[in-house]
Amino acid sequence: MDADTKKRQAAESALDLVETGSVVGVGTGSTTNHFIDALARIRFRVDGTVASSEATAARLRDRGLRVADLNAVDEVAVYVDGADECTRHRQLVKGAGGALTREKIIAAAARQFVCIVDDSKLVDVLGTKAPVPVEVIPMARGYVARQLVALGGNPFWREGAVTDNGNVILDVHGLDLVDPTAAEGTLDQITGTVANGIFARRRADVVLIGAGAEVRKLS
Ligand code: 5RP
């Protein structure tokens, strides 16, 4: 089974965790796009959605789902999103799609965070395969890059990319992520950063892994 089919397999299995009459938080990326298509089939069972990016909001609306502002909803029952890397402790690196800040906000606000991945995303230690994206206020790009180098990182400006919040992204290779919670906090302390793509403090509650023969579950 190819990676995209495994992504769809994980995404479809997340439907079981959607509560009738609830607001569903929806992430960004190719795995989440499969989830949106699946969610559209049961759209009359959900009260609405909140979206982690403009691209996701457009796809949700196109599929007939109501998209609400996060400030206008009392509770997000479940947030479903993909990841670039995932450990067996359900800690993640996210943000290859550039939506990390809004993803982090909805994950923080949600009662349950469900991560959907294909099995190629599993790693023993975060940072093994994917860089850590850091969303940065544009005028702070050079300053933040120098601070990241001082921490042992190797930052690359994702040239041309502008986030939905009007900011830029630095993709950071080579950081020591053996203690991801500490690393997430350290990056958060750099003035001029908005958010980083380490999801360790608010990790996933459930990870659904499309693995071909079956969907594996971490919880
Ligand atoms: C976007 C993300 C995505 O969830 C992550 O990049 C995984 O993407 P895909 O499902 O396309 O593999 O964090 O900001």
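K.L.:
Sorry if this is basic, but what is going on with the site of the ligand here?
P.N.:
Near the ligand, the surroundings consist of 17 residues, among which Ser30, Thr31, Asp84, Gly95 and Lys121 are the closest. Contact between the ligand and Gly97: an oxygen atom at 3.3 Å from a main-chain N or O atom of the residue. By residue class, the composition of the shell around the ligand is three nonpolar, eight polar and six charged.

K.L.:
I would appreciate a short explanation of the packing of helix H1 (residues 3-13) against helix H2 (residues 30-41) in the present structure.
P.N.:
Between two packed helices, the angle of one axis relative to the other and the distance separating the axes together describe the packing. Between H1 and H2, whose axes approach to 8 Å, the crossing angle comes to 45°. The angle between H1 and H2 places the two elements in the oblique class. In this structure, the crossing between H1 and H2 has a hand that is right-handed. Packed against H1, whose contacting residues are Asp4, Lys7, Arg8, Ala11 and Glu12, the element H2 presents Ser30, Thr31, His34, Phe35, Ala38 and Arg41 at the interface.

K.L.:
Sorry if this is basic, but what is going on with the packing of aromatic side chains here?
P.N.:
For any pair of aromatic rings, the description rests on two quantities: the centre-to-centre distance and the angle between the ring planes. For the structure on display, the rule yields two aromatic pairs. An angle of 40° between the planes, with centres 5.4 Å apart, marks the rings of Tyr79 and Phe113 as tilted. Of the two residues, Tyr79 sits in strand S3 (residues 76-81) while Phe113 sits in strand S6 (residues 110-118), which places them 34 residues apart along the sequence. The residues Tyr79 and Phe113 share a single accessibility class, namely buried. Ring centres 6.3 Å apart and planes at 55° place the aromatic pair Phe113 and Phe199 in the tilted group. Of this pair, Phe113 sits in strand S6 while Phe199 is found in strand S11 (residues 198-199), placing the two residues 86 residues apart along the sequence. With respect to burial, Phe113 and Phe199 carry one shared label: buried. An aromatic cluster of at least three residues, connected via ring pairs, comprises Tyr79, Phe113 and Phe199. One cation-aromatic arrangement involves Lys94 over Phe199; the distance from NZ or CZ to the ring centre is 5.6 Å.

K.L.:
Looking at this structure, I do not really get the nonpolar core. What am I missing?
P.N.:
For soluble globular proteins, nonpolar side chains are generally found buried alongside one another. Counting 25 residues, the largest nonpolar core has Val24, Phe35, Leu39, Val114 and Ile116 as its most contacted members. At the level of secondary structure, the elements contributing two or more residues to this core comprise H1, strand S1 (23-26), H2, helix H3 (54-62), S3, S6 and strand S12 (206-210). Broken down by element, this core gets its largest block of residues, five residues, from H2. Not counting residues within four places of it along the chain, the set of residues in contact with Leu39 comprises Leu15, Val18, Val24, Val26, Val46, Thr49 and Leu65. Judged by nonpolar contacts, the second largest core, of 21 residues, contains Val123, Val144, Ala145 and Val172.

K.L.:
Would you explain the state of the cysteines in this entry?
P.N.:
On inspection of all chains with the given rule, the structure shows zero disulfides. For the unlinked cysteine Cys86, the closest cysteine sulfur is that of Cys115, found at 5.2 Å. By relative accessible area, Cys115 is classed as buried at 0%.

What counts, and at which threshold
Residues numbered from 1 in each chain as written. Predicted model: local features only at pLDDT ≥ 70, side-chain atom pairs only at ≥ 80, totals over all residues. Heavy atoms only, no water. Near = heavy atom within 4 Å. Polar contact = N/O pair within 3.5 Å; in protein donor to acceptor, adjacent residues only side chain to side chain. Nonpolar A, V, L, I, M, F, W, Y, C, P; charged D, E, K, R; others polar. Axes fitted to C-alpha atoms, helices over the stretch in contact; angles between N-to-C directions. Helix = DSSP H or I, 4+ residues; strand = E, 2+ residues; numbered from the N terminus. Parallel < 35°, antiparallel > 145°, perpendicular 65-115°, else oblique. Left-handed = near helix turned anticlockwise from the far one by under 90°. Contact = heavy atoms within 4.5 Å. Phe/Tyr/Trp six-rings, centres within 6.5 Å; stacked < 30°, edge-to-face > 60°. Buried < 20%, exposed > 50% of the residue type's maximum accessible area, 1.4 Å probe, protein only. Lys NZ or Arg CZ within 6 Å of the ring centre and 35° of its normal. Core = buried A, V, L, I, M, F, W, Y, C linked by side-chain atoms within 4.5 Å. Disulfide = S-S within 2.5 Å.

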